[in-house]
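One-letter residues, chain by chain:
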Amino acid sequence: QVQLVESGGGLVQAGGSLRLSCAASGRTFSRYAMGWFRQAPGKERELVATISWNGGRSYYVDSVKGRFSISRDNAKNTVYLQMNSLKPEDTAVYSCARGLIPGAFGVEAAGYGYWGQGTQVTVSS
């Protein structure tokens, strides 16, 4: 069973940066796409970014394009989310998730599962 552990969240001023990490257990990490999601209080969970199994393809929701960057290191079983030019509206619990089908690259939330516990990101104005 896959276990995902996020880290790197915190409190930052608007315009600042944070780098989130998601460490995965198991030997099959490199076979699956990975995604970052976020959920703000009172709002539905939102897909933020995804990356293909080999890092060759990525997807970003419009609201973070040009500010966030997703990457992965398959040797370390880790996926990252570099967040720059943060805004108060980026405040949320950020979670990573693994793709459900090996080799597939999806941009829909339904294609991801095996959630981590999340890490809080708070951006002050």
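Before any of the text, the structure's been laid out above.
Report on the accompanying structure. (Residues numbered from 1 in each chain as written. Predicted model: local features only at pLDDT ≥ 70, side-chain atom pairs only at ≥ 80, totals over all residues. Heavy atoms only, no water.)

1. Description of the sheet that holds strand 7 (residues 68-73)
Pairing is antiparallel across the open sheet formed by four strands, whose spatial order is 1-3-8-7. Of all strands in the sheet, those bounded by a partner on one side alone are strand 1 (4-7) and strand 7. Here the strands of the sheet are splayed against their neighbours by 15 degrees on average, with no regard to which way each runs. Both strand 1 and strand 3 (residues 18-24) contribute to a ladder of four bridges, which runs antiparallel. Each bridged residue has a counterpart across the sheet, and for V5 the counterpart in strand 3 is A23. (Pairing = 2+ DSSP bridges. Helix = DSSP H or I, 4+ residues; strand = E, 2+ residues; numbered from the N terminus. Axes fitted to C-alpha atoms, helices over the stretch in contact; angles between N-to-C directions.)

2. Remarks on the nonpolar core
One finds W36, F68, I70, V79, L81, M83 and Y94 to be the most contacted residues of the largest nonpolar core, which totals 28 residues. Among the secondary structure elements, those contributing two or more residues to this core are strand 3, strand 4 (34-39), strand 5 (46-51), strand 7, strand 8 (78-83), strand 9 (92-99) and strand 11 (119-124). A total of four residues in this core trace back to one element, the largest contributor, which is strand 3. (Core = buried A, V, L, I, M, F, W, Y, C linked by side-chain atoms within 4.5 Å. Buried < 20%, exposed > 50% of the residue type's maximum accessible area, 1.4 Å probe, protein only.)

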